[in-house]
Amino acid sequence: MSEKIDIYLNGDRLQVAAGLDLQQLQQQFATDQQVAIALNTEIMPRRCWPERVLQARDQVLMFNLVAGG
Amino acid sequence: MFTIAETPLPRLLLGSGKFASPQLMLDAVRASGTGLVTVALKRIKPGQPSLDLISPLQQAGVKILPNTSGAVDAKEAIFAAELARELLQTNWVKLEIHPDARFLMPDPEQTLIAARQLVKLGFVVLPYCSADPMLCLRLQEAGCAAVMPLGSAIGSNQGLQNKAMLEIIIEQARVPVIIDAGLGQPSHACAALEMGAAAVLVNTAIATAADPVQAATGFRLAVEAGMAARAARCAPPSLHANASSPIDSLLTFLS
Amino acid sequence: MRSFSHVLAQTDWVALQLATFDTAAVERALTASTLSLTDFQALLSPAALPRLPQLLEKARLLTTQQFGAARQLFAPLYLSNLCANECTYCGFSMSQAIKRRVLTDSELIEEAHAVKALGHDQLLLVAGEHERKVGMAYFRQQIPLLKPLFSRLMLEVQPLASNDYRELKQLGIDTVLVYQETYQAQAYAKYHLKGKKMDMIWRLDCPDRIGAAGVDKIGLGILLGLADWRLDAVLLATHLRYLQQQFPYCQFSIALPRLRPCSGGIESSFPVSDRELVQLYCAFRLLAPEIDLTLSTRESSQLRDLLLPLMITSLSAGSKTQPGGYQVAPQSLQQFSIDDDRSAKLMAQRLTELGLQPVWTNWHPAFGRG
């Protein structure tokens with residue numbers, strides 16, 4: 001059984017597998033959606049997602065585009 | 001068509017909010033003949049599928065312009081713009097900052113601060129602002145690609161309430177003037193184009209009309225009518241009904 | 001420092017109560033683009049009743065222009081029914097011999113998960129007034145347990161002090177509701193017989209303290225049935241306008257609950273008919289197109305379904321009005337009886353059938369904010 005860590009995704013506390021990267025996080029929680037990610041208030045370019053592994057207590061913000069404005 | 005950052009666009013721009021359904025929004029987009037639709041950013045609900053706006057709009061051949069709606073100050077607006085740039089891989093952004101909860105008036109100070117910074121960061125900035133000629137000059141000087149003064153308060157459908165100010169803005173502008181917010185009927189859009197605006201942005205009037213597709217068509221035709229009027233240079237209304245004025249007669253005699 | 005109680009003290013409420021309005025006044029109010037308080041009163045008068053269809057159409061138009069089809073869903077979660085006040089209209093009143101309960105940490109989490117399982121993402125925390133057992137110390141402990149579970153946290157408890165609201169904002173409370181019940185002092189004194197709630201000024205000035213603390217949204221309301229509803233409505237409108245001027249970046253919502261049967265409760269001496277309730281909601285929509293209007297589950301499903309497309313933008317669904325009501329102790333006494341007991345999922349379905357868009361999560365963008 002793999003180790004789990006606590007992170008925050010859009011304010012919700014989540015348990016994810018240790019070693020999960022941003023790309024995998026997006027695939028798991030925003031499957032097939034085009035999103036933008038900020039990690040601990042820093043915007044993460046898409047090309048960095050597979051390299052950036054989540055640490056405990058990381059605060060992730062994930063945005064998509066919606067009608068409105 | 002008019003041009004922003006070397007991109008030609010039809011003169012009617014659309015907002016995507018307040019439609020009764022996504023399909024209706026797409027139908028209205030098609031009927032309007034628009035080339036650009038504004039969208040907003042929102043945090044996702046983890047695990048919940050959400051509607052893909054991007055593909056249908058791209059298939060319809062329109063450019064998607066992200067806005068910073070929801071930002072209450074320059075810092076948030078810049079953050080939103082950078083998120084949007086990452087998401088859409090576009091450096092175009094509609095800058096809108098309206099902390100005022102009642103009338104949604106755009107914040108001139110924060111908008112100018114954000115505009116300056118965003119231009120430095122390489123964005124093509126389209127700022128939404130009040131019909132303030134001096135502010136529009138400053139935004140232009142800051143390097144904005146257009147200025148977007150309001151016709152009247154968002155959603156109010158009151159039309160062109162600041163005609164005198166808008167005329168000054170149009171007169172002084174070196175960038176396209178896109179009249180945004182408060183246009184309630186096609187005739188307002190026609191008047192805006194007749195007045196000399198480069199384009200108009202319409203959202204509430206179309207989205208909440210009883211027949212949004214018909215409304216979108218109406219606005220498209222109105223924009224064309226406005227442009228035709230401008231090209232025709234129809235005589236402006238005169239104060240007196242004269243067959244010919246004494247001055248005209250003299251000038252004719254002297255020529 | 002100026003606050004609303006001072007404004008109210010200077011208001012000539014006798015003149016307000018005696019004011020009469022004719023058809024011309026109603027016409028002016030119907031066509032005005034920004035309503036004055038006099039226009040608002042005209043829309044509440046008997047002279048406006050024949051124009052109810054036009055009133056409804058304008059309300060519908062304004063609501064659609066402002067909100068499109070979006071309708072916000074939330075659930076109340078009662079933290080406790082312990083109360084140190086004696087309010088003659090309330091089932092939790094101090095003298096009522098009911099089993100008192102304050103949710104423990106684990107009970108709260110259980111209740112919260114039960115509410116989440118219903119689909120909700122916006123939570124309204126409610127409690128009776130008990131400074132010692134359900135005061136800031138309790139809130140300080142409980143709110144952090146709930147913050148990771150819900151996108152929006154609202155609070156409806158006893159009036160607190162300014163620094164309490166600043167702290168609550170830091171803890172993550174987005175909205176604070178405090179309903180005046182009635183703005184008429186004589187009536188207020190009749191219904192509030194014991195406890196801190198007797199202090200009308202403390203309650204009247206509460207929204208000022210909430211606004212000054214920078215809380216995003218304030219919920220106001222009156223309890224219809226306690227006193228002359230037209231006078232209370234115009235005083236509530238006065239309060240709203242005052243607060244909007246004082247705190248232009250703050251959002252507002254208004255609720256107009258009608259007195260409902262509850263254990264040990266009173267019959268209303270000032271009943272408000274369905275027609276009058278509709279007139280009231282219309283008038284508020286015309287007065288303030290930008291605010292949320294809430295209709296609770298006290299009202300029938302029939303009435304809710306009719307008003308939702310026209311002017312109501314915020315509603316509770318699948319509500320339980322007793323602490324532990326969702327999971328831990330569903331049989332305990334409710335604060336008031338519910339009429340619309342449709343589940344949240346059913347309500348969302350119904351909204352879609354009505355051509356509306358149920359919204360569970362309203363982040364109210366917060367780019368980069370907590």
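Conventions we followed
Residues numbered from 1 in each chain as written. Chains lettered and ligands numbered in written order. Predicted model: local features only at pLDDT ≥ 70, side-chain atom pairs only at ≥ 80, totals over all residues. Heavy atoms only, no water. Helix = DSSP H or I, 4+ residues; strand = E, 2+ residues; numbered from the N terminus. Buried < 20%, exposed > 50% of the residue type's maximum accessible area, 1.4 Å probe, protein only. Contact = heavy atoms within 4.5 Å. Areas by Shrake-Rupley, 256 points an atom, 1.4 Å probe, with all protein chains shown as cover. Lys, Arg positive; Asp, Glu negative; His and termini not counted. Charge placed at Lys NZ, Arg CZ, Asp CG, Glu CD. Buried area = accessible area lost by both parts, 1.4 Å probe. Salt bridge = Lys/Arg side-chain N within 4 Å of Asp/Glu carboxyl O. Polar contact = N/O pair within 3.5 Å; in protein donor to acceptor, adjacent residues only side chain to side chain. Nonpolar A, V, L, I, M, F, W, Y, C, P; charged D, E, K, R; others polar. Pairing = 2+ DSSP bridges. Arc of directions from axis to C-beta. Phe/Tyr/Trp six-rings, centres within 6.5 Å; stacked < 30°, edge-to-face > 60°. Lys NZ or Arg CZ within 6 Å of the ring centre and 35° of its normal. Right-handed = clockwise from strand over helix to strand, strands pointing away. Axes fitted to C-alpha atoms, helices over the stretch in contact; angles between N-to-C directions. Parallel < 35°, antiparallel > 145°, perpendicular 65-115°, else oblique. Left-handed = near helix turned anticlockwise from the far one by under 90°.

In terms of helices and strands, chain C carries 15 helices and 11 strands. Evaluated residue by residue, chain C yields a buried proportion of 61% over its 370 residues. In chain C, the share of contacts with a sequence separation of at least 24, taken over all contacts with a separation of at least 6, comes to 75%. Of the roughly 14,200 Å² that chain C leaves accessible, carbon and sulfur atoms contribute 54%. Here chain C contributes 37 positively and 35 negatively charged side chains, and the mean placements of these two sets differ by 2 Å.

Quick look at the interface of chain B and chain A now. Contact with chain B, which involves 27 residues of that partner, is made by 25 residues of chain A. The three residues of chain B that bury the most area against chain A are Arg-43, Ile-44 and Leu-87 of chain B, which together make up 27% of that side's buried surface. The interface formed by chain B and chain A holds one salt bridge in total. Across the salt bridge formed by Lys-45 of chain B and Asp-12 of chain A, the nearest N and O atoms sit 3.4 Å from each other.

Here the focus is the pattern of salt bridges. Scanning the entire structure with this criterion turns up 26 salt bridges over all chains. With a closest N to O distance of 3.6 Å, Asp-121 of chain C and Lys-45 of chain B form a salt bridge. Here Lys-45 of chain B lies in the loop between strand 4 (36-43) and helix 2 (54-59) and Asp-121 of chain C lies in the loop between helix 6 (105-117) and strand 3 (122-127), a pairing that spans two chains. Measuring nitrogen to oxygen at the nearest pair gives 3.8 Å for the salt bridge that ties Glu-181 of chain C to Arg-203 of chain C. Placement of Glu-181 of chain C in the loop between strand 5 (175-177) and helix 9 (185-191) and of Arg-203 of chain C in helix 10 (residues 200-204) is noted, with a sequence separation of 22 residues between them. The pair formed by Glu-181 of chain C and Arg-203 of chain C is uniform in burial state, with each residue classed as buried. Several salt bridges converge on common partners, so that one network encompasses Arg-304, Asp-305, Asp-340, Arg-342, Arg-350 and Glu-353 of chain C.

This paragraph deals with the interface of chain C and chain B. The interface is formed by 24 residues belonging to chain C together with 26 residues belonging to chain B. A combined buried area of about 2,200 Å² lies between chain C and chain B, and 54% of that area is made up of carbon and sulfur atoms. At the boundary of chain C and chain B, one finds two salt bridges. Here Arg-102 of chain B and Glu-290 of chain C are joined by a salt bridge, their closest N and O atoms 3.6 Å apart. Our enumeration of links across chain C and chain B arrives at three residue pairs in polar contact (both at pLDDT 80 or more). Of all the secondary structure elements, the ones that give two or more residues to the side of chain C that touches chain B are helix 5 (52-67) and helix 12 (229-246) of chain C. Top contributing element to the side of chain C that touches chain B by residue count: helix 5 of chain C, with four residues. Looking at side-chain class alone, the side of chain C that touches chain B contains nine nonpolar, 11 polar and four charged residues.

Glancing now at the sheet that holds strand 6 (residues 92-95) of chain B. Within a sheet, adjacent strands bond to each other through the backbone by hydrogen bonds, running parallel or antiparallel. All names here are of chain B. The strand order across the open sheet formed by three strands is 6-7-8, and the pairing between neighbours is parallel. Strands with a single pairing partner mark the edges of an open sheet, and in this sheet they are strand 6 and strand 8 (148-149). Where strand 7 (residues 124-129) lies against strand 8, two bridges are found, and the strand directions are parallel. In the sheet register, Tyr-128 faces strand 8, and the bridge partner there is Met-148.

Moving on: the pairing of strand 1 (residues 70-80) of chain C. All names here are of chain C. Counting buried residues along strand 1, 11 of its 11 residues qualify, which places the element largely inside the surrounding structure. The pairing of strand 1 with strand 11 (residues 357-359) spans three bridges and is classified as parallel. Bridging from a neighbouring strand, Ala-70 pairs with Gln-357 of strand 11. Sheet topology places strand 1 next to strand 10 (residues 314-316); three bridges connect them, and they run parallel. Its bridge partner lying in strand 10, Phe-74 is registered against Ser-316.

On to helix 1 (residues 22-29) of chain A. Helical geometry note: an α-helix holds 3.6 residues per turn, so side chains three or four residues apart project in the same direction. Residues and elements named next belong to chain A. Of the positions making up helix 1, those classed as buried are Leu-22, Leu-25, Gln-26 and Phe-29. Each buried residue of helix 1 sits inside an arc of 100° when the element is viewed along its axis, so together they form one side. Against strand 1 (4-9), strand 2 (12-17), strand 3 (36-39), strand 4 (42-44) and strand 5 (59-66) lie the buried residues of helix 1. Among the residues of helix 1, the N-terminal cap falls to Asp-21, whose side-chain oxygen and the backbone nitrogen of Gln-23 are separated by 2.9 Å.

Turning our attention to the packing of aromatic side chains. The geometry of an aromatic ring pair is captured by two quantities: the separation of the ring centres and the angle between the planes. Residue and element names in this part refer to chain C. Taken as a whole and assessed by the stated rule, the structure comprises six aromatic pairs over all chains. Taking 5.5 Å as the distance between ring centres and 45° as the angle between the ring planes, the aromatic pair formed by Phe-4 and Tyr-242 counts as tilted. One end of the pair, Phe-4, is in helix 1 (residues 4-9); the other, Tyr-242, is in helix 12, and 238 residues separate them in sequence. Neither residue differs from the other here; Phe-4 and Tyr-242 are each classed as buried. Within the aromatic cluster, the residues linked to one another by ring pairs are Phe-4, Tyr-183 and Tyr-242. Over the aromatic face of Phe-150 sits the side chain of Lys-116, whose NZ or CZ is 5.4 Å from the ring centroid. A cation sits over an aromatic face here: Arg-209 above Trp-202, 3.6 Å from the ring centre.

Next up on the list: the pairing of strand 4 of chain B. Burial runs high along strand 4 of chain B: seven of the eight residues are buried. The pairing of strand 5 of chain A with strand 4 of chain B spans four bridges and is classified as antiparallel. If you follow Asn-64 of chain A over to strand 4 of chain B, its bridge partner there is Lys-42 of chain B. Pairing analysis gives two bridges linking strand 3 (residues 12-15) of chain B to strand 4 of chain B, with the strands arranged parallel. Bridge pairing in strand 4 of chain B links Leu-14 of chain B to Val-37 of chain B. As paired strands, strand 4 of chain B and strand 5 (residues 63-66) of chain B are joined by four bridges and run parallel to one another. In the strand pairing of strand 5 of chain B, Thr-38 of chain B is matched with Leu-65 of chain B. The β-α-β motif built from strand 4 of chain B, the intervening helix 2 of chain B and the parallel element strand 5 of chain B has right-handed crossover chirality.

Residue and element names in this part refer to chain C. By secondary structure assignment, the location of Arg-152 is in strand 4 (residues 152-156). Nearest to the buried, unbridged Arg-152 among oppositely charged side chains is Asp-174, at 5.0 Å. Only 3.5 Å separates the side chain of Arg-152 from the side chain of Gln-122, close enough to count as a polar contact.

This paragraph deals with the packing of helix 5 (residues 133-141) of chain B against helix 6 (residues 163-172) of chain B. All names here are of chain B. Orientation of helix 5 relative to helix 6, taken along the N-to-C sense of each, is 30°, at an axis distance of 9 Å. Of the possible angle classes, the one that applies to helix 5 and helix 6 is roughly parallel. Note on packing geometry: the crossing formed by helix 5 with helix 6 is right-handed. Residues Pro-133, Cys-136, Leu-137 and Gln-140 of helix 5 form the contact with helix 6, whose participating residues are Met-165, Ile-168, Ile-169 and Gln-172.

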